[in-house]
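A structural walkthrough
Listed here are the chains, written in short residue letters.
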Amino acid sequence: MSLIIVLAALAFLMYMAYRGHSVILFAPIAAMAAVLVTDPQLVAPVFTGLFMDKMVGFIKNYFPVFLLGAIFGKLMETSGFAQAIVTSVMRIVGPKRAMLSIVLVGAILTYGGVSLFVVVFAVYPFAAEMFRQSDIPKRLIPATIALGAFTFTMDALPGTPQIQNIIPTTFFKTDAYAAPVLGLVGAAFVLAIGMAYLEWQRRRAAARGEGYGKQHSNEPTAYEGGTLPHALLAIVPLVLVGVVNKVLTTVIPGFYGESVSFNPAVVGAAKPVSVPVAASTAIWAVEGALLVGILSVFVLAWRPVVTSFAESAKPDISGSLLATMNTASEYGFGAVIASLAGFLTVAEGLKAIPNPLVNEAISVTALAGITGAASGGMSIALGAMADQFIANAQASGIPMEVLHRVASMASGGMDTLPTTAPSSRCSPSPA
């Protein structure tokens with residue numbers, strides 16, 4: 001019964017998401033309904049102490065990333081930089097390869113260390129303009145961006161700085177470049193299958209006479225600054241974001257040390273605040289890189305940006321808040337589900353799979369699907385079963401690097417369910 005309760009809560013949230021209802025409303029309803037059926041007296045404590053705690057914690061960490069990413073994407077759009085890059089790429093690869101171009105752009109940004117959340121906002125103006133010029137249905141934009149940013153560069157390519165590739169290092173004592181051949185083969189497989197599917201969908205739409213469409217919401221603003229800037233100038237902000245993110249990731253730990261403490265008030269008896277640097281480095285680095293990218297757009301395209309920024313940025317700022325709240329609600333939902341007895345039943349049942357690699361892959365992807373988060377599901381799976389995985393792998397002569405890569409890639413499987421949480425992928429596309 002406890003297992004049925006967990007699955008029913010997940011199915012209910014998926015159904016409501018598919019029906020177009022707000023996850024902000026129905027994530028807590030689904031989570032608390034599961035608690036109500038399990039232990040009615042814990043509904044209020046779990047809601048305040050677990051759901052809201054996790055939700056607010058996510059907002060605290062990631063809202064600035066969403067906000068700065070949205071602003072950066074809007075500035076790239078209104079400055080004409082997005083259209084300049086799209087025009088140049090179109091000239092090089094041709095309109096029929098628009099989807100491949102967007103996939104490659106997303107992959108470069110993600111592998112360069114740009115947050116998955118940021119990539120959606122940064123790439124969307126490029127994708128919308130390129131799809132419009134190529135007359136490809138706009139509904140294919142989310143899948144195209146997701147293939148480039150949320151799949152093989154997130155967890156398969158060796159060396160990727162995304163969290164899904166970093167978590168296994170603490171359990172298996174490996175590094176980010178673990179099992180490079182396996183990772184490259186997996187990345188090539190995902191890219192090939194993904195592109196084949198997207199092209200199939202594009203050809204089907206073309207055969208039906210379906211094009212980009214009209215009267216879409218959140219269309220990129222037409223560039224009204226005259227002659228488009230040169231593509232090499234337009235790509236400077238993107239390069240700066242990637243470079244500064246990498247530099248800050250290296251510099252911040254050495255500058256601050258393991259933690260930073262400060263007194264928040266001069267008057268009164270406020271307790272000192274201590275911030276662990278390791279847990280904040282990646283977030284600070286992305287925020288700093290986005291700020292540099294934003295400032296660079298202002299410097300390189302002052303006139304077109306300043307004349308339209310006040311009004312054009314408002315919808316994107318509001319959208320970043322909505323995206324944060326959506327994914328934060330899903331994050332809280334996952335935390336509540338993971339605390340229920342039915343979730344423990346799932347975790348224990350997965351231990352019965354004999355093959356070490358199959359056991360690990362199914363365990364990680366199943367828990368990622370149930371909790372709705374790639375990194376969350378992987379953390380729970382490895383935290384509960386890493387010792388078992390290691391012992392079985394050693395008995396079978398399997399290197400720890402292979403365990404690392406399998407766990408990382410498996411986290412990007414069932415987390416694609418509609419209840420996906422922010423630690424793995426972004427919230428609904430701006431499209």
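Values in this document were obtained by computation on a predicted structure and should not be read as measured data.

Of the regular secondary structure elements, the protein chain holds 19 helices and 2 strands. Taking 431 residues into account, the globule formula puts the C-alpha radius of gyration at 22 Å, and the protein chain, at 22 Å, falls close to it. Dimensions of the protein chain along its principal axes, counting C-alpha atoms only, are 65 × 65 × 45 Å. Counting every position in the protein chain, which comprises 431 residues, the buried fraction comes to 49%. Residue pairs at least 24 apart in sequence account for 79% of intrachain contacts in the protein chain once pairs closer than 6 positions are excluded. For the protein chain, the computed accessible surface area is about 19,600 Å², with 68% contributed by carbon and sulfur atoms. Positive and negative charge centroids in the protein chain, built from 23 and 21 side chains respectively, lie 8 Å apart.

Under the counting rule described, the total for this entry stands at 4 salt bridges. The residue Glu210 makes a salt bridge to Arg139 at a minimum N-O spacing of 2.8 Å. With a gap of 71 residues between them, Glu210 in the loop between α10 (180–207) and α11 (231–234) and Arg139 in the loop between α6 (116–134) and α7 (141–149) connect regions that are remote in the sequence. Here the salt bridges share partners, and the residues they tie into one network are Arg139, Arg208 and Glu210.

Before going further, it helps to examine the side chain of Ser79. Tracing the backbone through its elements, the reader meets Ser79 in the loop between α3 (43–78) and α4 (81–93). In this structure the side chain of Ser79 is engaged in a polar contact, spanning 3.3 Å, whose partner is the backbone oxygen of Met76. From its side chain, Ser79 meets the backbone nitrogen of Phe81 in a polar contact 3.3 Å long.

This part is about unusual backbone geometry. For Lys173, which is not glycine, the phi torsion reads 55° and is therefore positive. We classify Lys173 as exposed; its relative accessible area is 71%. Positioned with a positive phi, Ala179 is a non-glycine residue whose angle comes to about 45°.

The terminal C-alpha atoms of helix α1 (residues 2–18) lie 25 Å apart, and with 17 residues this matches the ideal 24 Å at 1.5 Å per residue to within 8%. Considered for burial, the residues of α1 that qualify are Ile5, Val6, Ala9, Leu10, Leu13, Met14 and Met16. Of the residues trailing α1, Gly20 is marked for its positive phi of about 90°.

Glancing now at the nonpolar core. The biggest cluster of nonpolar side chains holds 57 residues, and the ones touching the most others in it are Phe72, Met76, Ile102, Phe126 and Phe131. When residues in this core are grouped by element, the largest group, 11 residues, is from α6. Setting aside its immediate chain neighbours within four residues, Phe126 contacts Met76, Ala82, Ile85, Val86, Ile102 and Leu238. Ala9, Leu10, Ala30 and Phe121 belong to the second-largest nonpolar core, a separate cluster that totals 28 residues.

Before going further, it helps to spend a moment on the confidence of the model for the protein chain. Here the protein chain shows a mean pLDDT of 82. Residues at 70 or above account for 90%. Model confidence for the protein chain, summarised as mean pLDDT per element, is weakest for helix α16 (residues 341–350) at 74 and strongest for α10 at 94. Note on residues 421–431: pLDDT under 50 across the span, and 53 contacts to partners over four residues away in sequence or across chains.

Further remarks concern the packing of aromatic side chains. A full pass over the atoms with the stated rule returns 8 aromatic pairs. Taking the centre distance of 6.2 Å and the plane angle of 55° together, the rings of Phe298 and Trp302 count as tilted. The interplanar angle of 70° and the centroid separation of 5.7 Å between the aromatic rings of Phe298 and Phe309 together place this pair among those described as edge-to-face. Residue Phe298 is located in helix α13 (residues 277–300), and its partner Phe309 is located in helix α14 (residues 302–312); the two are separated by 11 residues in the primary sequence. On the accessibility criterion, Phe309 (26% relative accessible area) is partly exposed.

Turning our attention to the environment of Ile283. Considering the arrangement of structural elements, one finds Ile283 in helix α13. Expressed as a C-alpha distance, the spacing of Ile283 and Asn245, which sit 38 residues apart in the sequence, is 9.5 Å. Excluding anything up to four places from it in sequence, Ile283 contacts Asn61, Tyr62 and Val65.

Residues Ile235, Val239, Val243, Val247, Val251, Phe255 and Tyr256 make up a contiguous nonpolar surface patch of roughly 630 Å² in combined accessible area. Here Ile235 is to be found in the loop between α11 and α12 (236–256).

Definitions and cut-offs
Residues numbered from 1 in each chain as written. Predicted model: local features only at pLDDT ≥ 70, side-chain atom pairs only at ≥ 80, totals over all residues. Heavy atoms only, no water. Helix = DSSP H or I, 4+ residues; strand = E, 2+ residues; numbered from the N terminus. Rg over C-alpha atoms; globule rule 2.2 N^0.38 Å. Buried < 20%, exposed > 50% of the residue type's maximum accessible area, 1.4 Å probe, protein only. Contact = heavy atoms within 4.5 Å. Areas by Shrake-Rupley, 256 points an atom, 1.4 Å probe, with all protein chains shown as cover. Lys, Arg positive; Asp, Glu negative; His and termini not counted. Charge placed at Lys NZ, Arg CZ, Asp CG, Glu CD. Salt bridge = Lys/Arg side-chain N within 4 Å of Asp/Glu carboxyl O. Polar contact = N/O pair within 3.5 Å; in protein donor to acceptor, adjacent residues only side chain to side chain. Expected span 1.5 Å × (residues − 1). Core = buried A, V, L, I, M, F, W, Y, C linked by side-chain atoms within 4.5 Å. pLDDT = per-residue confidence, 0-100. Phe/Tyr/Trp six-rings, centres within 6.5 Å; stacked < 30°, edge-to-face > 60°. Patch = residues over 30% accessible without salt bridge, like charges linked within 9 Å, V, L, I, M, F, W, Y side chains within 5 Å.

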